[in-house]
Amino acid sequence: MSGEPVAETLSQVEGGHADIVRFAAWLGAAAILIAALYFGQGILIPLAVAFLIGFALNPVVTWLSRRGFPRAVAVITVMLVLVMLVAALGFLVTSQLRTLSAQLPVYQTTIREKVHDLSAGMRGPGILDKAMKTVEVVQSEVSPDDATSKAEALPPPQRVEVVDPSYTPLKTAITWLAPAVEPIATAGIVLVFVFLVLLDRSDLRDRLIRLLGGNLHRSTDAMQEAGRRISKYLLMQLVVNVSYGIPMGLGLWAIGVPGWLLWGTLAALMRFVPYVGPMLSAIFPIALAFSVDPGWNMVLLTIGLIVFLELVSNNVVEPMLYGSSTGLSAMSLIAAATFWTALWGPVGLILSTPLTVCLLVLGRSHPQLQFLDTLLGSEPVLDVPTRIYQRLLADDPEEALEIVDETLEDDKIVDFYNDYGIEVLRRVSDDYLSNARAEHRLRVANGMDMLLDDLREEYPAALDPSSRPRVACIGGKWEIDSVACEMLVHALALEGIAAVERREGVVTARYLSGLELDGIDIICLSYFSRDPGVPARTFCRRLRKLWPGKKIVLALWNAPESLLESEAVERLGAEEAVNSVHEAVRRIHRMIAPEAARETQIAAAPENDAERVKALVDTQVLDGHAREDLDGLAKRAADVFDVRFAVISAIDEKNEFIVGQSKDLPGKLTRNGTDMITMPRDEAICDHVVSKGQTLVVDDTQRDPRFADHPAIKLWETRFYAGAPLMTTDGMVLGALCLLDTEPRTLQPEELELLESMAADVVSTITGNDIAPPSPARDREGTGAKLGQRVPD
């Protein structure tokens, strides 16, 4: 036996032992932590409650501090108001209870009569009574003598006298006061902790960051996310509870239930206790309605009111207000409530959601605890392509179709093919020779056939049946190459281009003669191989020999970037190379109708263009008075997003003006002394942003035929573009804040929000007014405009 397999086996065994030891260590640490939480609840519960109240009160303290109040004065003021509110609530509850207790003797007659009626209705002989009588008769018939003898053998009953122990007045007082002392002491400790938390918030934050350790940026983001989520949760919980308690009190008042103010307040407070709180708060008004009304109308109306409010609150108000404010899944919320209730009792149930949010944030910010995010988070743990691929592997194409239907937005099937369909096939290609078994390959093939047939049937192309196909998509080597061709043919048909699909095969003379490419203008060869150079060159050479006038496009879905360069494509014998469905559709459209494709480079003027230009002129930004400030904002944007340069453009009726830039750039300058770069409006890529009023992101201009030879892109030799509209309060788009880089890149959704926020700052500088960041729609695109505006083809 050779040494290499043995060494590999030994390393695998050692790795398995290390995993077991690591897992055991995690289990031990978890057991110690849970034990500490349980046995230390006397200290931890007041601390947790204090921090929770601190989260709720801190915005008010911060607001007072920003108004000039010293921090200590602001904290004392808020604490005094809190104590007064609690005292007022206690006075309200006490007065209502006193009133109800005085009226209870009046309700005794009603209660007695209803109980008598109910017992009378249930007193009649039923099936169980007759059955019990039958059993007793049978027993007496079977052993009457034994029963009599056993009764005679029993000893006479003993007389028991209960003697009350003698208590001194002090012992009696201690016995009565002891149960009340503990909660009062706990409440006092909580108030002290709340005061300290609010007063020393900055110091506590620094200490917590020190405890979290690691990356300072990551720790800061974790604390901000936890604070934001918990504060929003508490605020939304308060709004939901108030929106439930007020209608409850008013409804009980209209029905005539006594103490309606008390029950409305109790309903609002008890909803802070998840799951069981609403049920407990509903018992009291229902019981009182039962006691007050001689009939059943009040009881039924009270039950109907509670059921109606629960339905509205649970299905309308809570989803509308909560949304995904906590980031927790429904399953994790229930599991967390069970866990914390088992540890800390009712208080743990109240604190379960905020405490679990903290665990979720820790899981997101620390790689070692990432399993917490997986277990607790509401975000899908698998992306869409992985989910579809897994369902196909599990031989569940029906569920894969359900995922596709959920993913499709506004019936954009071409976007689905571009963003998810090809990515699924990439996963299939990567596993084809390594992990997949024959059974897996068959399941995927059958599942993809079913999925594509369903999509073609649900989204048919509106093509003239008599139109001749101008494009032929041919699988290069594997069956998966032909599946990609099916997607591309459907996408081309939806864009108005007739195409046909030819299956893969061994490139022989017989196979080539059966392709039937007469009348075809463009041939598209599909390859998922990571190194398709040799087979693609051979295929192209043989196609050129048989059909020398055809144009060839290589769809290299999985190839390295180097094979997509123009020189490499020329050596392979093709006119173009693409790596996405969007790029393939656009390049083929450009090859078939070049004039129509060039028109997509010119953006249409918005309907309010005259008013927009007048608003731009009124700002007087084109006279250069704000140039220094705008250059500074452009420099800041370039630094924040780490791009080569950033510009701020303003577009009037005919021209684009660069009113701010992060560094010197080539271009034609104005001659009026402002030294602004200017270019015709129809050559400005920012005009697409002005046209739609939406953020435009082009991840890689070389891969997007609309912008590959755009004048502005060629002038500054950029590969990446992102532009956010400079939108005024009345909806006028003056220009764009643009990021440009010489390398392809992408922007995350939160980065797009930041770019739009900085664009609002630019508008404030131009107009002199505070502008809120706009919220332009962003249609998902594939390579070329992912997460950005889709410019119509």
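Cut-offs applied
Residues numbered from 1 in each chain as written. Predicted model: local features only at pLDDT ≥ 70, side-chain atom pairs only at ≥ 80, totals over all residues. Heavy atoms only, no water. Pairing = 2+ DSSP bridges. Helix = DSSP H or I, 4+ residues; strand = E, 2+ residues; numbered from the N terminus. Axes fitted to C-alpha atoms, helices over the stretch in contact; angles between N-to-C directions. Patch = residues over 30% accessible without salt bridge, like charges linked within 9 Å, V, L, I, M, F, W, Y side chains within 5 Å. Areas by Shrake-Rupley, 256 points an atom, 1.4 Å probe, with all protein chains shown as cover. Salt bridge = Lys/Arg side-chain N within 4 Å of Asp/Glu carboxyl O. Lys, Arg positive; Asp, Glu negative; His and termini not counted. Charge placed at Lys NZ, Arg CZ, Asp CG, Glu CD. Core = buried A, V, L, I, M, F, W, Y, C linked by side-chain atoms within 4.5 Å. Buried < 20%, exposed > 50% of the residue type's maximum accessible area, 1.4 Å probe, protein only. Contact = heavy atoms within 4.5 Å. Expected span 1.5 Å × (residues − 1). Left-handed = near helix turned anticlockwise from the far one by under 90°. Right-handed = clockwise from strand over helix to strand, strands pointing away. Polar contact = N/O pair within 3.5 Å; in protein donor to acceptor, adjacent residues only side chain to side chain. pLDDT = per-residue confidence, 0-100.

**Quick notes on the sheet that holds strand S9 (residues 696-698)**
Strand order in the open sheet made by the six strands is S8-S7-S6-S11-S10-S9, with antiparallel pairing throughout. With one partner strand each, in any of the chains shown, strand S8 (677-680) and S9 form the two edges of the open sheet. For this sheet, the mean angle separating the axes of adjacent strands, direction not counted, is 25°. For strand S7 (residues 655-661) and S8, the ladder comprises four bridges, and the chain directions are antiparallel.

**Focus: a negative patch on the surface**
Taken together, the side chains of Asp 395, Glu 398, Glu 402, Asp 405, Glu 406, Glu 457 and Glu 458 define an acidic patch exposed on the protein surface. Elements with a contribution of two residues or more to the negative patch: helix H16 (397-407) and helix H18 (438-458). Considering each element in turn, the negative patch owes the most residues, four residues, to H16. Within the element layout of this structure, Glu 458 appears in helix H18.

**Looking at the nonpolar core**
Membership of the largest hydrophobic core comes to 50 residues, with the highest contact counts inside it found for Ile 388, Phe 416, Tyr 417, Leu 425, Leu 455, Leu 492 and Val 581. With residues up to four places along the chain from it excluded, the contact list for Phe 416 reads Ile 388, Val 404, Thr 407, Leu 408, Gly 421 and Leu 455. Of all hydrophobic cores here, the second largest spans 34 residues; its members include Val 697, Phe 720, Ala 724 and Leu 726.

**Quick notes on helix H19 (residues 479-494)**
Note: α-helices contain 3.6 residues per turn, so residues at a spacing of three or four share the same orientation. Across its 16 residues, H19 extends 23 Å between first and last C-alpha, which sits within 8% of the 22 Å expected from 1.5 Å per residue. Of all 16 residues making up H19, 14 are buried, and the element is well covered by its neighbours. Two residues or fewer past H19, Gly 496 is found with a positive phi of approximately 90°.

**A short note on the side chain of Glu 225**
Along the chain, Glu 225 falls in helix H8 (residues 216-255). Apart from residues lying up to four places away in sequence, Glu 225 is in contact with Val 361 and Arg 364.

**Examining the packing of helix H15 (residues 384-393) against H18**
Contact geometry of H15 with H18 gives a least axis separation of 8 Å together with a crossing angle of 115°. Considering how the two elements wind past one another, H15 and H18 form a crossing that is right-handed. Contact with H15, carried on its side by Ile 388, Tyr 389, Leu 392 and Leu 393, involves His 440, Arg 443, Val 444, Gly 447, Met 448 and Leu 451 of H18 and no other residues of that element.

**Here's the deal with a nonpolar patch on the surface**
Taken together, the side chains of Leu 238, Val 242, Ile 246, Leu 250, Trp 253, Trp 260 and Leu 261 make up a nonpolar region of the molecular surface, amounting to roughly 670 Å² of accessible area. Secondary-structure elements contributing two or more residues to the nonpolar patch are H8 and helix H9 (260-270). In terms of residue count, H8 provides more of the nonpolar patch than any other element does, five residues in total. Locating Leu 238 in the fold gives a position in helix H8.

**Quick notes on the sheet that holds strand S3 (residues 522-527)**
One open sheet holds the five strands; their spatial order is S2-S1-S3-S4-S5, and the pairing between them is parallel. With one partner strand each, in any of the chains shown, strand S2 (499-502) and strand S5 (576-578) form the two edges of the open sheet. In this sheet, neighbouring strand axes are inclined to one another by 20° on average, regardless of whether the strands run parallel or antiparallel. Pairing of strand S1 (residues 471-475) with S3, which is carried by five bridges, proceeds in the parallel orientation.

**As for the pairing of S3**
Most of S3 sits out of view: six of its six residues are buried. The two faces of S3 match: Ile 522, Cys 524 and Ser 526 on one face and Ile 523, Leu 525 and Tyr 527 on the other face are all buried. As paired elements, S3 and strand S4 (residues 551-556) share six bridges and run parallel to each other. Its bridge partner lying in S4, Cys 524 is registered against Val 553. Once you follow S3 into helix H21 (residues 533-546) and on to S4, the crossover reads as right-handed.

**Examining the side chain of Asn 558**
The residue Asn 558 is located in the loop between S4 and helix H22 (566-572) in this model. Here the side chain of Asn 558 touches Asp 430 through a polar contact of 3.5 Å, side chain to side chain. Within the local environment of Asn 558, its side chain forms a polar contact with the backbone oxygen of Phe 528, the two atoms lying 3.5 Å apart. Not counting residues within four places of it along the chain, the set of residues in contact with Asn 558 comprises Arg 426, Ser 429, Asp 430, Tyr 527, Phe 528, Ser 529 and Arg 530.

**Some points on the confidence of the model for the chain**
Taken over all residues, the pLDDT of the chain has a mean of 82, while the share at 70 or more is 84%. Segment residues 779-793: pLDDT under 50, and 74 contacts once partners within four positions in sequence are set aside and those in other chains are kept.

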